Amino acid sequence: MEGGGGGSDLEREEEDDSVSEVLRDRFRLSTISIAEVQAKRNGMEISEPIVACIADLAFKYTEQLAKDLELFAQHAGRKSVNMEDVILSAHRNEHLATSLRSFGNDLKAKEPQSERKRKKTSRKEDKAIANVVHIPDN
């Protein structure tokens, strides 16, 4: 039995795949550009296969990081990833975790006072709200 709902699901899946491909390609191009600039800055040459490998590895790492962050948020009973999730993802790299904590504290310090005192919440909720990272759906 063929229904109209099945076609829309297929179309939505194809659109999601298309968006994913565009994002992957943009990410890959950005990574290649960064690798080439860094090589040039350091007076080095880097072959195309190596640059492509770096771009693919960076994309796969980022995909896994996104999945981990989503799982951390779900485990905490939240629908949004916050700064604590990002810091937790770096637990094996103490230097990175320290840098992320510092960055998070800087962001919190720059937050407008009116935004921080919107309503009375528990300290735990306050901490979670202040550390939420919003990623636009461009």
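Worth saying up front: this structure is predicted, and the values here are computed from it rather than measured.

Caption draft 1: Fine view of the overall build of the protein. Scanning the protein from terminus to terminus reveals six helices and zero strands. Along the protein, helices (α) and strands (β) appear in the sequence α-α-α-α-α-α when read from the amino end. When each of the 138 residues of the protein is scored for burial, the buried share is 14%. When contacts within the protein are restricted to residue pairs at least 6 apart in sequence, those whose partners lie at least 24 apart make up 38%. Of the accessible surface of the protein, which amounts to about 11,700 Å², a share of 54% is contributed by carbon and sulfur atoms.

Caption draft 2: Expanded view of the pattern of salt bridges. For the coordinates displayed, the defined rule picks out five salt bridges. Across the salt bridge formed by arginine 28 and aspartate 56, the nearest N and O atoms sit 3.3 Å from each other. Of the two residues, arginine 28 is situated in helix α1 (residues 4–41) and aspartate 56 in helix α2 (residues 48–75); the sequence distance between them amounts to 28 residues. You can call arginine 28 partly exposed: its relative accessible area is 29%. Accessibility expressed as a relative area gives 36% for aspartate 56, which makes it partly exposed. Of the charged contacts in the structure, one is a salt bridge between arginine 78 and aspartate 85, with a shortest N-O distance of 2.9 Å.

Caption draft 3: View of the nonpolar core. Residues Met83, Ile87, Ala90, Ala97 and Leu100 constitute the largest nonpolar core, which totals five residues. Those elements that provide at least two residues to this core are α3 (83–89) and α4 (94–110). If sequence neighbours within four positions are ignored, alanine 97 has contacts with Ile87 and Ala90.

Caption draft 4: Here's a closer look at α2. Across its 28 residues, α2 extends 41 Å between first and last C-alpha, which sits within 8% of the 40 Å expected from 1.5 Å per residue. Considered for burial, the residues of α2 that qualify are Val51, Ala55, Phe59, Leu69 and Ala73. Glycine 77 sits one or two positions beyond α2 and adopts a positive phi of about 80°.

Caption draft 5: A look at α4. In this model α4 runs 24 Å from its N-terminal to its C-terminal C-alpha over 17 residues, within 8% of the 24 Å that 1.5 Å per residue would give. All of the buried residues in α4 are Ala97, Leu100 and Gly104. Looking straight down α4, one finds that the buried residues subtend no more than 60° of arc, so they occupy a single side. The exposed set on the far side of α4, more than 90 degrees from its buried face, consists of His95, Ala109 and Lys110. In this structure, the buried residues of α4 make contact with α3.

Caption draft 6: Local environment of the environment of isoleucine 54. Its location among the elements puts isoleucine 54 in helix α2. Owing to a relative accessible area of 35%, isoleucine 54 belongs among the partly exposed residues under this scheme. For isoleucine 54 and threonine 31, which are 23 residues apart along the polypeptide, the C-alpha to C-alpha distance reads 7.6 Å. Not counting residues within four places of it along the chain, the set of residues in contact with isoleucine 54 comprises Thr31 and Ile46.

Analysis parameters
By convention here, each chain's residues receive numbers from 1 onward along its written sequence. Two thresholds apply to this predicted model, a pLDDT of at least 70 for residue-level local features and 80 or more for giving and counting side-chain atom pairs, whereas whole-chain, interface and lining totals are computed over all residues. Water and hydrogen atoms were dropped before computing side-chain values, which therefore reflect all heavy atoms in the structure. Counting from the N terminus, the helices are the DSSP runs of H or I reaching at least four residues and the strands are the DSSP runs of E reaching at least two. Relative accessibility under 20% of the residue-type maximum defines a buried residue, over 50% an exposed one, and the middle range a partly exposed one, all with a 1.4 Å probe and only protein chains included. Working rule for contacts: check all heavy atoms of both residues, and any pair within 4.5 Å makes them a contact. With residues, only the protein chains shown are counted as cover, and all accessible areas are computed by Shrake-Rupley using a 1.4 Å probe. Salt bridges are defined by distance alone: a side-chain nitrogen of Lys or Arg within 4 Å of a carboxyl oxygen of Asp or Glu. What we call a nonpolar core is a set of buried Ala, Val, Leu, Ile, Met, Phe, Trp, Tyr and Cys residues that are connected through their side-chain atoms within 4.5 Å. Under the convention used throughout, the expected extent of a helix is 1.5 Å for every residue step, that is, one less than its residue count. Here, the arc refers to the directions that run from the helix axis to the C-beta atoms.

Interpretation in functional terms is not warranted from these geometric data alone.
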